[in-house]
Amino acid sequence: MSLKIALTKGRIEEPVIALLSAAGVDCEPLKNKKRKLIVNTSDEKYEFILAKGPDVTTYLNSGVVDIGIVGSDILTEHRNNQYELLDLEIGKCQFVLASTEDFDINKEGRRVIGTKYPLITQKYFESLGQDVEVIKIEGSVELAPLIGLADAIVDITETGTTLRENNLYIYDYLDKVSTRFVVNRMSLKQNAREIYSLVDRLEQVIKANN
Ligand code: PRP
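Since we're looking at a predicted model, the values are computed, not measured.

### What about the layout of surface pockets?
Empty space among the atoms becomes visible once a probe the size of a water molecule is rolled across them. In this model, the largest pocket occupies a volume close to 1000 Å³. Residue lining of the largest pocket: 41 residues in total, with Asp-73, Ile-74, Lys-116, Tyr-117 and Ile-156 positioned closest to the centre. Element by element, the count of residues in the lining of the largest pocket is highest for strand β9 (residues 152–157), at four residues. Its residues assigned to classes, the lining of the largest pocket shows 15 nonpolar, 15 polar and eleven charged. There are two domains that each give the lining of the largest pocket at least three residues, and those are domain 1 (3–91 + 178–209) and domain 2 (93–175).

### Some details on the environment of Val-70
The residue Val-70 is located in strand β4 (residues 67–71) in this model. In this structure Val-70 touches Thr-8, Gly-53, Val-56, Leu-75, Ser-178, Thr-179, Arg-180 and Val-182, once residues within four positions along its chain are discounted.

### Focus on the nonpolar core
Ranked by size, the top nonpolar core spans 31 residues in total, and within it Ile-67, Ile-69, Leu-88, Phe-181, Ile-195 and Leu-202 carry the most contacts. Elements with a contribution of two residues or more to this core: β1 (3–8), α1 (13–22), β3 (46–51), β4, β5 (83–87), β11 (179–183) and α9 (192–209). Setting aside its immediate chain neighbours within four residues, Leu-202 contacts Leu-19, Leu-20, Ala-23, Leu-86, Leu-88 and Phe-181. In this structure, Cys-93, Ile-113, Val-154 and Leu-174 belong to the second largest nonpolar core, which totals 14 residues.

Quick notes on the rules
Residues numbered from 1 in each chain as written. Predicted model: local features only at pLDDT ≥ 70, side-chain atom pairs only at ≥ 80, totals over all residues. Heavy atoms only, no water. 1 Å grid on protein atoms, 1.4 Å probe; cavity = no way out; pocket = protein on both sides within 12 Å on 5 of 7 lines; lining within 4 Å. Points joined across faces, edges and corners; volume = space filled by probe spheres on them. Helix = DSSP H or I, 4+ residues; strand = E, 2+ residues; numbered from the N terminus. Nonpolar A, V, L, I, M, F, W, Y, C, P; charged D, E, K, R; others polar. Domains from an automatic or database assignment. Contact = heavy atoms within 4.5 Å. Core = buried A, V, L, I, M, F, W, Y, C linked by side-chain atoms within 4.5 Å. Buried < 20%, exposed > 50% of the residue type's maximum accessible area, 1.4 Å probe, protein only.

Given below as structure tokens:
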């Protein structure tokens, strides 16, 4: 039976495919998947399921996939309780507190913070002993302070381009983020040999890359 791997769609797809290829996984079907959401390798060793990050954690928890490849931002926000085996050291970015130039970080009063990550945001402000109102936003979080919805945002930044192009400034740096290889606990017991073999090969590629 093939190992089922939920892979987060979007910007990490390309570097993940490069890593997997270097680790000996036949990724040609993945490279040519077009709009397909489930892709099998020709040797039928792996079945890739392309999904949004939060759904990868849902699939892992429900046991419908063996492995999930997903960002640590999502794992933290969705309180992952499966088994994180490897930091793939790609998809590197960082959480920041950002806002417009006139944002006063020390201003008295309850501030409104826009974010895709309410739990992480709440914890950050709790650690500062500050009470804030958190508004959950689904995408393009940078809009929130620009359209008057929030005083500031907590979001991830990779290149800093989105912030820069929207005249937003970083007021604090929070946790760093990278892509992780996570395994469903039950599946690890049942498929230990295959999973650890893939992990070993990936580890070697990561070491050689860094
Ligand atoms: C993420 C993040 C920022 C952007 C930062 O969004 O929420 O908007 O990337 O990247 P940069 O620093 O390289 O500019 P994503 O592209 O995942 O899209 P979304 O906001 O629509 O979820």
